[in-house]
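So you can see what is in the structure, the chains are spelled out below.
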Amino acid sequence: MSTGAICTRVSLAGAARRRRRRRRRSSSSRPMFRRGSAAKSKEPASKEPEVQPVIKVALLGDAQVGKTSLMCRYVEGTFDDAELMTQRGVNFMEKSVLLQNERVTFSIWDVGDKDFDAMLPLVCNEAAVLLLMFDLCRPEALASLRDWHRKATTLNKGAMPFLVGVKYDELVELAPEEHAHVCDVASQFAIAIDAPLVFCSSAVPINVANIFKVILIRLFGLTASVPEIREPGGALLMYQTK
């Protein structure tokens, strides 16, 4: 308790004693303090601001796959494929969302294309989620994702992997048999690494916000409020265990 608080309480107690004595002398006597001062002395101490939960998300994948585009589309609602490319170092952005009347912040990290080996520990350490991203029009890129997954899980064994196929708006232009092949190969890979699977497009956008909604559902054990899409040919969104 501060000295000021002690003095205030002593002063009020003394005033009360004087008031009782004066009441015995005269019924018209009044207490010798202002209510404003008394109210001020009883104000609770200011609380420290609550720390918002932070979810670190690491974006991993080959050069120019669209990691920065996805981050900017989700955080800023913008898309410029001609300009967005992380050359060196690490980019990160933050976005806060409301979850059951509490603010939760996504901290999204994007490793540069030219020095990802040096920066990978910085991006993966303390991440809650690993977004393993590949170009849906290049299903052979899934082979390199195995290496990304191996390196990332070596650095962070507790992070939850998500398999994210990007450029869905270009995939729909392919022949139906090619589309079906991509869906089949991606689904098998997602099962192998025990990861949700999402097809998205930052350009349109498609399923970008749903990726982060599913992250919240999986991390916090929430009701599965985002409808799944499992039909071949659709923008796949599969995250519930069957």
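The structure displayed is predicted, hence computed values, not measured ones.

Enquirer: Is there a simple way to explain helix α8 (residues 208-220) in this structure?
Expert: Note on helix geometry: an α-helix contains 3.6 residues per turn, so any two residues three or four positions apart are oriented the same way. The terminal C-alpha atoms of α8, which comprises 13 residues, lie 19 Å apart, in line with the 18 Å expected from a rise of 1.5 Å per residue. Listed in full, the buried residues belonging to α8 are V208, N210, I211, F212, V214, I215, L216 and I217. Positive backbone phi, at 65°, marks G221, one or two positions downstream of α8.

Enquirer: Any chance you could explain helix α5 (residues 142-155) here in plain terms?
Expert: Taking 1.5 Å as the rise per residue, α5 with 14 residues should run 20 Å; its terminal C-alpha atoms sit 20 Å apart, in good agreement. Every buried residue belonging to α5 is among L142, L145, W148, H149 and A152, and all of these are buried. The arc enclosing the buried residues of α5, seen along the axis, measures out at 100°, which places them on a common side. Here the buried face of α5 lies against β1 (54-61), α4 (116-124), β4 (129-135), β5 (160-166) and α7 (176-192).

Enquirer: Where do I start with the packing of aromatic side chains in this structure?
Expert: Scanning the model with the defined rule gives five aromatic pairs in all. Considering the side-chain rings of Y74 and F106, the 6.1 Å spacing of their centres and the 80° angle between planes classify their relative orientation as edge-to-face. Residue Y74 is found in helix α3 (residues 67-76), and its partner F106 is found in strand β3 (residues 102-111); the two are separated by 32 residues along the sequence. Each member of the pair, Y74 as well as F106, is classed as buried. On the numbers, 6.5 Å between centres and 40° between planes, the contact of Y168 with F199 is tilted. One end of the pair, Y168, is in helix α6 (residues 168-171); the other, F199, is in strand β6 (residues 197-199), with 31 residues separating them in the sequence. Judged by its relative accessible area of 0%, F199 falls in the buried class. One aromatic cluster is present, built from ring pairs that chain together Y74, F106 and F212. Between the NZ or CZ atom of K56 and the centre of the ring of W109, over which it lies, the distance is 4.2 Å.

Enquirer: What's the story with the pairing of β3 in this structure? I'm lost.
Expert: Regular strands place their side chains on alternate faces of the sheet. Within β3, eight of the 10 residues are buried, which leaves the element mostly enclosed by the surrounding structure. Here 10 bridges tie strand β2 (residues 90-99) to β3, and the two strands are oriented antiparallel to one another. From the neighbouring strand, N91 faces β3, where its bridge partner is D110.

Enquirer: Would you take a moment to explain the pattern of salt bridges for this structure?
Expert: Two side chains with opposite charge may pair up if their charged atoms get near one another. Applying the stated criterion across every chain yields a total of five salt bridges. Two residues, D135 and K167, come together in a salt bridge whose shortest N-O distance is 3.5 Å. Note that D135 is positioned in strand β4 and K167 in the loop between β5 and α6, a separation of 32 residues in sequence. As a salt-bridge pair, K151 and D147 come within 3.5 Å of each other at their nearest N and O atoms.

The rules behind each value
- Residues numbered from 1 in each chain as written.
- Predicted model: local features only at pLDDT ≥ 70, side-chain atom pairs only at ≥ 80, totals over all residues.
- Heavy atoms only, no water.
- Helix = DSSP H or I, 4+ residues; strand = E, 2+ residues; numbered from the N terminus.
- Expected span 1.5 Å × (residues − 1).
- Buried < 20%, exposed > 50% of the residue type's maximum accessible area, 1.4 Å probe, protein only.
- Arc of directions from axis to C-beta.
- Contact = heavy atoms within 4.5 Å.
- Phe/Tyr/Trp six-rings, centres within 6.5 Å; stacked < 30°, edge-to-face > 60°.
- Lys NZ or Arg CZ within 6 Å of the ring centre and 35° of its normal.
- Pairing = 2+ DSSP bridges.
- Salt bridge = Lys/Arg side-chain N within 4 Å of Asp/Glu carboxyl O.

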